[in-house]
Amino acid sequence: MKYHLAKNCDVDPFATKRLSNSFFVDNLLTSVHNESELRRLINVSNELVKKGDFELRDWESSAPTDFRELEALKEVRVPRWISITPDATKKYFIHTFCKASKDAYAAVSYLLADDKNVHFLAYRSRIAPLKGAAIPRLELLAALVGGRLTKSIVDALGWTTVKCFYWSDSTTVLTGITKEENWSVFVNNRVQEIRKISQPSSWCHVSGVENPADLPSRGYIAPKCVTAPLPEDRVRNAAVFQIAGIDTAGPLFLKDNQKVWVLLFICAVFKAVQLELMSGVSTEAFLMALRRFVARRGRCSTIYCDNGTNFVDAANILRSLDWKKVIKYGTVNAVDWKFNTPTAEWWERLIRIMKDILKRVLGKAYLSHEEMTIVLCDCEAIINSRPLTLVSENDTPISPSMFIQDMGSSRP
C-alpha cells in the first residue's frame, strides 16, 4: 500500500500522506479539521486505492450529522482535546517524564503552551519482570518508553516543529544518554535507540518527588488500568496451539499473476504462530489449510475467529466461508469455535509483524508457490524466535519456539 501511495503522491499530497501514516493492520484511523477535508479525504482515498486494486469499505465518522450539534458543543469541555494544527506547534513544547520502580516503569507526556497552559497528552507503562531487575536498568527502559511515546505522538499528529524535552530522576540514565562510555550490550542498544529518536541535549533531571510519572511507575495505574485480567483461555495450562486464533492476510501475487492468501494460526497462551498458504478463498481451501495445521501441530480444543467481519485487506475472506460446514468439521474433530466481536482480537500485533517481514523480504519480487512456502516458513521461524520476556545479559529470554520444540505427545 505504501509503495502504491508513494507512486501516486502527486495526485493529492494531503490524502496520500494521511493514508501512508494512518493505517494500522487493515484499518485506517485519522482525523481532519472540518467536513470539507473529510469529504476530500474520502473521495481522493477511494480513488487512490482503487488504482492499486485495493478497496476501502465502511467509512465511519464522528462528525455530527446535525449541525445543531455543533452549537451544543460550546457547552462541552474536554480537557484532553488539543486544538492545534501542525503548523502552529512552534509555540508549544512536549515534556515527557520517565520513572521506574520495582513494580513497573512508565512515561507520561504533556504539552506546554507558551501561555503556560498544560495539556495531558498520553502515558505508557510496563510491568517490571516478575524475576526482578535492577532499578537502573528499569529506569533505562522507562527512558526508552518515554522516547518511543514522544515519537509516536509527534508522528501521529504531524507535529514536526514541536520541541521535545525529556525528564528522568535517574542520573545514571542521564549520564548514559549524554556521555560516550563502553556500556554493556543491553545498555548500549537501548541508549543508541534513545539517541536516535531524541536529542541527547534535550534530556534533563527532575527530582523524584516532582516526577509525575512516579505514580504509574509504582503500579497505581499499570496493574489496575492497563493490564486488565486476561481471559481464562489465554492464561490456562494448555499445550501449544491447543487454544488458537485465526486470521488471514493477502492476497499475495505469485508468478504468472497467481493469487494466494496466508492463513495465520496464533497460539493464545504462548503467542506462537503458524502460517499456512491458501491458493483460494473457498471453504474447501480453508479446511485443507486447517487439516495441514492439525496434522503438524495437533488438534485445537478451541479456535477463536471473528467470522471475517473486519478482514478488509483480504476481501472479507472468512465471511464468505460456509461456516456450517466448518463447524460441522470442528464438531467431528472436537473443536470449539468461538466468534469474537471485531474489536476483540488479541493477535493484531503479530499480523503486523508478519506483514512487515514479508514487505522487507519480498519487496517487488514475484515468487513461485514453493518459494513463497519457504519464505513463510522463514517468517514463521523469525516471529516464533522473538523474546517474550525482558532481554537480559545473564539469562536466555523465553521465546515461543522454545515451547513449540518442547511439545509433547500428550495432546488430548
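About the thresholds
- Residues numbered from 1 in each chain as written.
- Predicted model: local features only at pLDDT ≥ 70, side-chain atom pairs only at ≥ 80, totals over all residues.
- Heavy atoms only, no water.
- Helix = DSSP H or I, 4+ residues; strand = E, 2+ residues; numbered from the N terminus.
- Expected span 1.5 Å × (residues − 1).
- Phe/Tyr/Trp six-rings, centres within 6.5 Å; stacked < 30°, edge-to-face > 60°.
- Buried < 20%, exposed > 50% of the residue type's maximum accessible area, 1.4 Å probe, protein only.
- Lys NZ or Arg CZ within 6 Å of the ring centre and 35° of its normal.
- Core = buried A, V, L, I, M, F, W, Y, C linked by side-chain atoms within 4.5 Å.
- Pairing = 2+ DSSP bridges.
- Axes fitted to C-alpha atoms, helices over the stretch in contact; angles between N-to-C directions.
- Arc of directions from axis to C-beta.
- Contact = heavy atoms within 4.5 Å.
- Patch = residues over 30% accessible without salt bridge, like charges linked within 9 Å, V, L, I, M, F, W, Y side chains within 5 Å.
- Areas by Shrake-Rupley, 256 points an atom, 1.4 Å probe, with all protein chains shown as cover.
- Salt bridge = Lys/Arg side-chain N within 4 Å of Asp/Glu carboxyl O.

Under the annotation held in an unreviewed UniProt entry, the chain carries the name Integrase catalytic domain-containing protein and is attributed to Araneus ventricosus.

This next bit is on helix α11 (residues 283–297). For α11, built from 15 residues, the straight-helix expectation of 21 Å at 1.5 Å per residue is met to within 8% by its first-to-last C-alpha distance of 21 Å. Phi for G298, located one or two positions after α11, is positive at around 100°.

Here the focus is the packing of aromatic side chains. Applying the stated criterion across every chain, the model contains eight aromatic pairs. For the ring pair F241 and F293, a centre distance of 5.3 Å and an interplane angle of 85° mean the geometry is edge-to-face. Remark: F293 occurs in helix α11 and F241 occurs in the loop between α10 (232–235) and β8 (243–253); sequence separation between them is 52 residues. Using a relative accessible area of 0% as the deciding quantity, one classes F293 as buried. In this structure, R137 packs its charged tip against the face of F186, placed 4.0 Å from the ring centre.

Time to look at the nonpolar core. With 50 residues, the main nonpolar core has F241, I246, V262, L264 and M354 as its most contacted residues. Only β8, β9 (259–267), β10 (273–278), α11, β11 (302–305), α13 (348–362) and α14 (369–384) provide two or more residues apiece to this core. It is β9 that provides the largest number of residues to this core, a total of eight residues.

Below, the discussion takes up the sheet that holds strand β5 (residues 118–127). What the five strands build is an open sheet, ordered β5-β4-β3-β6-β7; its pairing is mixed. With partners counted over all chains shown, the strands left at the sheet margins are β5 and β7 (203–205), one partner each. Strand-to-strand twist in this sheet, taken as the mean axis angle between neighbours without regard to direction, amounts to 20°. In this structure, strand β4 (residues 104–113) lies alongside β5, joined through nine bridges in antiparallel fashion. Pairing of Y105 across the sheet is with R126, part of β5.

Glancing now at α14. For α14, built from 16 residues, the straight-helix expectation of 22 Å at 1.5 Å per residue is met to within 8% by its first-to-last C-alpha distance of 22 Å. Considered for burial, the residues of α14 that qualify are M372, V375, L376, C379, E380, I383 and N384. For α14, the angular spread of the buried residues around the axis is 165°, confining them to a single face. Along α14, the residues that are exposed and aim more than 90 degrees away from the buried face are E370 and I374. Of the surrounding elements, those touching the buried residues of α14 are β8, β9, β10, α11, α13 and α15 (400–405).

To continue, consider the pairing of β9. For β9, a buried count of eight out of nine residues is recorded, marking the element as mostly surrounded by other parts of the structure. The sheet contact formed by β9 and β10 spans six bridges and is antiparallel. Residue pairing across strands places F265 opposite Q274, the latter belonging to β10. Between β9 and β10, which pair antiparallel and follow one another directly, the connecting turn spans five residues, one of which, K271, has a positive phi of 60°.

Moving on to a nonpolar patch on the surface. Judged by side-chain polarity, L388, I398 and M402 come together as a nonpolar surface patch covering roughly 220 Å² of accessible area. Mapped onto the elements of the fold, L388 is located in the loop between α14 and α15.

Inspection of the entire model under this criterion finds ten salt bridges. Notably, a salt bridge pairs R292 with E276, separated by 3.0 Å at the nearest N-O pair. One end of the pair, R292, is in helix α11; the other, E276, is in strand β10, and 16 residues separate them in sequence. Two residues, R352 and D356, come together in a salt bridge whose shortest N-O distance is 3.8 Å. Here R352 and its partner D356 are both found in helix α13, four residues apart, which amounts to about one turn of the helix. Sharing partners across several salt bridges, the network here consists of E276, R292 and R296.

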